[in-house]
Amino acid sequence: MQDFAQYADWFYLIGAVLFILTLRGLSGPKTAIMGNRYGMIGMALAVLTTFFVAPNPVLGLIIAAMVAGAAIGLYRARTVPMTQMPETVAMMHSLVGLSAVCIAVAAVLHEGIHHDGIHRFELFIGCFVGAITFTASVFAYGKLAAKKWAKSVKGAWVKPVQASLALAMLACGTVYFTTESLEAFYAMTVLALLLGFIWIAPIGGGDMPVVVSLLNSFSGWAAAGIGFTLNNSMLIIAGSLVGSSGAILSYVMCRAMNRSLMNVLFGGFGAAAAGPAVEGDQKQKNYKSGSPDDAGFLMANADSVVIVPGYGMAQARAQNAVKELAISLKEKGVKVRYAIHPVAGRMPGHMNVLLAEADVPYEDVKEMDEINSDFASTDVVLVIGANDVVNPAAKDDPSSPIYGMPILEAHRARTVMVIKRSMATGYAGLDNDLFYLDKTMMIFGDGKKVVEDMVKSINGSGH
């Protein structure tokens, strides 16, 4: 063991390099599989190395916990529907936060150890970041999973309560830092747990992709805090990589929504946007509806088609049917591409993952900045379950809560077809003027069945 320990830093360094390669690989769909493999190898190396360098590890308990966790994780990975992936990710973040809290508490209670100022500061930071991450992620899970207990809260009292909890938490942490008082440490932990809950509760559904990304960042910083507590360089490096990449992703997504991070976290529009007036306006507006056969005819006779996937596609599990639709159209000489908005779905990259799962060619998938200039020359745009990311109000209506948000400019195409179950608003609770344009045809029904009927029509078996 001691002979191996002297090489531990080298193994940790190799693991750190593998984690960096993981992030590099995950930056593109073609290299994502190899990136995942780098991460798996790096994590296995880090865990094995820690076994050899940890002082007096209780191997039985550690291995039992790892086996139980691996079994649960493997089962969840094999059975989770793609529609539940966002809340699964949020729940994973909560476990990282909880582990940070547990380790910080264990370190504080460890008998015979006096923590100097630096270590008390590390415990202070690691514990409250972990606690906020834990309860915020649990609430995000509940909101994404539409649990009754995870309802949004609003009112003039929310911000004062948030500020009071934050100040009280920092005050208790300061007392612990200066006096090493266990009571102050416990109070800080409880206040941080409450703050995580009340911080996320007012944020609307339209902002949840950014929240999930930010909680990913928080979980990384919590892990880095654990690394300082345990004096584990590998954990510090891995946590810092996750924390910084999550923060960058949150910034990129905020730019895609034309909003600041502070506005998302403390002034979200999603919770307050929906209301009776919106529903009333919906009923008074006229829209055109059509059948899958109508849509199939129009697309088969087009030169170019752009498919815009949204959460409705994930909900209907229609990604494979969409791929079959694209194949049928290509066989008739139609140019088919997919347009992806950075915040489409319920988490970063949600639509990319769905299309990759269906083996859609990478070169056909275009990001918003690549495809927007082509909409004006596109014959048909097919929107599948997307709402807010194609809402023209973001460009045309200064009174709209999403005004200024970059969107996929589907309204510029010659013909727009939208597959939805009903005329209900999207996740942000906003009506969409795109649905009422003269050029737009609404097709109501389950996304997968509607697309399958389109494919039958195009292939000639639907007549």
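The structure we're discussing is the one just above.
Everything numeric here is computed off the predicted structure, so don't read it as measured data.

### Some remarks on the environment of E183
Thought 1: Topologically, E183 is positioned in helix α8 (residues 182–200).
Thought 2: The exposure class assigned to E183 is exposed, which follows from its relative accessible area of 59%.
Thought 3: Here the alpha-carbon distance between E183 and G349, two residues 166 residues apart in the chain, equals 43 Å.

### Quick look at the pairing of strand β1 (residues 304–309)
Thought 1: Buried residues dominate β1, accounting for 6 of its 6 residues.
Thought 2: Alignment of β1 against strand β2 (residues 335–340), held across 4 bridges, turns out to be parallel. Its bridge partner being in β2, S304 is matched across the sheet by K335.
Thought 3: Summarising the sheet, β1 and strand β4 (residues 380–384) pair through 5 bridges and their orientation is parallel. Among the inter-strand pairings, I307 is bridged to a residue of β4, identified as L382.

### A short note on the pattern of salt bridges
Thought 1: As enumerated under the stated definition, the model contains 8 salt bridges in all.
Thought 2: Between R120 and E180 there is a salt bridge, with the nearest N and O atoms lying 3.7 Å from each other. In this pair, R120 is assigned in helix α6 (residues 117–144) and E180 in the loop between α7 (158–179) and α8, connecting sequence segments 60 residues apart.
Thought 3: Given the relative accessible area of 12%, R120 is considered buried.
Thought 4: The closest approach of N and O atoms between K449 and D453, which form a salt bridge, is 3.1 Å. Highlighted residues: K449 and D453, both in helix α20 (residues 447–458), separated by 4 residues, approximately one helical turn.
Thought 5: With a relative accessible area of 49%, K449 lands in the partly exposed category.
Thought 6: Three or more residues are tied together by salt bridges with common partners; here these are K395, E409 and R412.

### Brief notes about the sheet that holds strand β3 (residues 365–367)
Thought 1: Taken together, the 6 strands give an open sheet; going across it, the order is β3-β2-β1-β4-β5-β6, and neighbouring strands pair in parallel fashion. Looking at the sheet topology across the chains shown, the edges are occupied by β3 and β6 (440–444). Ignoring which end each strand starts from, the neighbouring axes of this sheet average 25 degrees apart.
Thought 2: Lying on the sheet, helix α16 (residues 319–331) is in contact with β1, β2 and β4; it crosses β2 at an angle near 150 degrees.
Thought 3: Against the sheet, α20 contacts β4, β5 (415–420) and β6, and its axis sits at roughly 135 degrees relative to β5.

The rules behind the values
Numbering of residues starts from 1 in every chain and runs along the sequence as written. Owing to the predicted nature of the model, reporting of local features is limited to residues with pLDDT of at least 70; listing and counting of side-chain atom pairs is limited to 80 or more, with chain, interface and lining totals taken over all residues. Note that water and hydrogens are dropped before the side-chain values are worked out from all heavy atoms of the structure. A run of H or I in DSSP becomes a helix once it reaches four residues, and a run of E becomes a strand once it reaches two; helices and strands are each numbered from the N terminus. Only protein chains enter the calculation, and the probe is 1.4 Å; a residue is then buried if its accessible area is under 20% of its type maximum, exposed if over 50%, and partly exposed in between. At least two bridges found by DSSP between two strands is the condition for calling them paired. A side-chain nitrogen of Lys or Arg and a carboxyl oxygen of Asp or Glu constitute a salt bridge if their distance falls within 4 Å. Angular values range over 0 to 180 degrees, each being the angle between N-to-C directions of two axes fitted as lines to C-alpha atoms, with helices fitted over their stretch in contact. The contact rule is simple, with two residues in contact once any of their heavy atoms fall within 4.5 Å.

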